[in-house]
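This is what each chain is made of:
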Amino acid sequence: MADTTVPPPVAVTPAEAIARRPLVDWPAVFAGAVFAAAVAFLFTSFGAAIGLSLAELLAGGGSAVWATIAIGLWVAWVAISSFLAGGYVTGRLRRPLAGASQHEVEVRDGLHGLIMWGTAALLGAMLAASAVAGTARVGAQAVAAAGEAAVEAIDGPAIAYLVDRLYRSTDGAGASVALRDETGRILAAVDGEGALDPADEAFLIEQVSARTAIGEDEARARLADVTGRLQAAAQDAAQAADVARRVGVLGAFMIAASLLIGAAAAWWAAGVGGRHRDEGTDFGRWVRWR
């Protein structure tokens, strides 16, 4: 009697079990999100070198706006690359649903890529903040430092220094503490055009001439020099504030655009990963060590 080979039993998943399966494959989503965060962290670490070079650029008088654009392009490249990697991992690991059409498979893969993108954006918020802080902070600090220097030039000790210049003399009696304080308050009221109230201007010219033993013309020239310095400092402060505003708006736009492009990249990469999963694409020849 001939031997009969009995085939092994085929495991059949009950329809009820398939129906109870979650529509979202969260393990694949979390795996892709973790991988995307790791890739972003890796590239962000390399970005520290770019941040240092941008700091030198700004310290040397470079444009903060162009530096922000360069930083924004770097952040965009990091975001797109990480979401591409995470989307592919999610699509490749997602469990296919039996009986689904090709269109349904593609849509599910893409939606899983978007869910991965959202999960990575939420879970990696602190990492993203670190990336911005590690790169965009360079531009912000440079602009803030310029603004603080400009503000200091029209406030506090700088005003006292200008009062010293105004009453500097080797022959005059010098100015009393009360007069110096009053002069400082008058100079602090100088507007962005470097103009003084005519009465205040006449008062200061008279006091400088009397306390320093110089003529009124020389006192007027000395006062014009001081108010000119204050005008330049006020203009620098206004320019630094404007640059900071433009840098903030541009940086926020670049980050938002990077996230939007990253969402499209995650959808596309998840679809590619799903196709490779269904086709059984083999990358063995690329990862063999021997």
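The model shown is predicted, which means the values in this text are computed figures rather than measured ones. (Residues numbered from 1 in each chain as written. Predicted model: local features only at pLDDT ≥ 70, side-chain atom pairs only at ≥ 80, totals over all residues. Heavy atoms only, no water.)

Participant: How would you explain the overall build of the protein chain if you had to name every residue and give the values?
Facilitator: Across its full length, the protein chain carries ten helices and zero strands. When the helices and strands of the protein chain are listed from N to C terminus, the series reads α-α-α-α-α-α-α-α-α-α. Per-residue burial for the protein chain yields a buried fraction of 34% across its 290 residues. Considering only intrachain contacts with a sequence separation of at least 6, the fraction spanning at least 24 residues in the protein chain is 81%. Within the structure as shown, the protein chain displays about 17300 Å² of accessible surface, and the carbon and sulfur contribution to it stands at 65%. (Helix = DSSP H or I, 4+ residues; strand = E, 2+ residues; numbered from the N terminus. Buried < 20%, exposed > 50% of the residue type's maximum accessible area, 1.4 Å probe, protein only. Contact = heavy atoms within 4.5 Å. Areas by Shrake-Rupley, 256 points an atom, 1.4 Å probe, with all protein chains shown as cover.)

Participant: How would you sum up the side chain of Arg277? Please name residues and give values.
Facilitator: By secondary structure assignment, the location of Arg277 is in helix H9 (residues 216–279). The exposure class assigned to Arg277 is buried, which follows from its relative accessible area of 15%. Among the polar contacts made by the side chain of Arg277, one reaches the main-chain carbonyl oxygen of Arg94 at a distance of 3.1 Å. Contacts of Arg277, omitting those with residues within four sequence positions, involve Gly91, Arg92, Arg94, Pro96, Val105 and Asp109. (Polar contact = N/O pair within 3.5 Å; in protein donor to acceptor, adjacent residues only side chain to side chain.)

Participant: If you had to explain the environment of Leu204 to someone new, which residues and values would you point to?
Facilitator: Positionally, Leu204 belongs in helix H8 (residues 198–212). Looking at Leu204, the relative accessible area reads 0%, which means it is buried. Here the alpha-carbon distance between Leu204 and Ala219, two residues 15 residues apart in the chain, equals 8.4 Å. What Leu204 contacts, discounting residues up to four positions off in sequence, is Tyr167, Thr183, Ile186, Leu187, Leu196 and Leu223.

Participant: Any details on the confidence of the model for the protein chain? Residues and values, ideally.
Facilitator: Averaged over all residues, the pLDDT of the protein chain equals 75, while 69% of them reach at least 70. Segment residues 131–136 is flagged for pLDDT under 50; beyond a separation of four residues in sequence, or across chains, it makes nine contacts in the model. (pLDDT = per-residue confidence, 0-100.)

Participant: Which residues make up the packing of helix H7 (residues 177–188) against H8, and what values go with them?
Facilitator: Remark: H7 packs on H8, axes separated minimally by 11 Å, with the N-to-C direction vectors making an angle of 145 degrees. The handedness of the crossing between H7 and H8 comes out as left-handed. Only Asp200, Phe203, Leu204, Gln207 and Arg211 of H8 make contact with H7, whose side of the interface consists of Leu179, Glu182, Thr183, Ile186 and Leu187. By residue class, the composition of the contact of H7 with H8 is five nonpolar, two polar and three charged. (Axes fitted to C-alpha atoms, helices over the stretch in contact; angles between N-to-C directions. Left-handed = near helix turned anticlockwise from the far one by under 90°. Nonpolar A, V, L, I, M, F, W, Y, C, P; charged D, E, K, R; others polar.)

Participant: Can you lay out the environment of Ala121 for me, pointing to particular residues and giving the numbers?
Facilitator: The topology assignment puts Ala121 in helix H4 (residues 102–123). When its relative accessible area of 29% is taken as the criterion, Ala121 is described as partly exposed. Measuring from C-alpha to C-alpha, the distance between Ala121 and Ala79 comes to 9.7 Å, with 42 residues separating the pair along the chain.

Participant: So what's going on with unusual backbone geometry? Residues and values would help.
Facilitator: Unusually for a residue other than glycine, Ala213 sits at a positive phi of about 60 degrees. Topologically, Ala213 is positioned in the loop between H8 and H9. On the basis of relative accessibility, which here comes to 56%, the residue Ala213 falls in the exposed class.

Participant: Tell me what's going on with a nonpolar patch on the surface, and back it up with residues and numbers.
Facilitator: A grouping of Trp26, Phe30 and Leu123 is seen on the molecular surface, where their side chains present a nonpolar patch of about 340 Å² in accessible area. Within the secondary structure, Phe30 is located in helix H2 (residues 26–59). (Patch = residues over 30% accessible without salt bridge, like charges linked within 9 Å, V, L, I, M, F, W, Y side chains within 5 Å. Salt bridge = Lys/Arg side-chain N within 4 Å of Asp/Glu carboxyl O.)

Participant: Go over the packing of aromatic side chains, please, and point to the residues and values.
Facilitator: One pass over the full model with this rule turns up three aromatic pairs. Through a chain of ring-to-ring contacts, three or more aromatic side chains come together here, namely Phe43, Trp74 and Trp77. (Phe/Tyr/Trp six-rings, centres within 6.5 Å; stacked < 30°, edge-to-face > 60°.)

Participant: Describe the pattern of salt bridges, and please don't skip the residues or the numbers.
Facilitator: Scanning all chains against the criterion turns up eight salt bridges. One salt-bridge network, in which partners are shared between bridges, spans Arg94, Asp109, Arg277 and Asp278.

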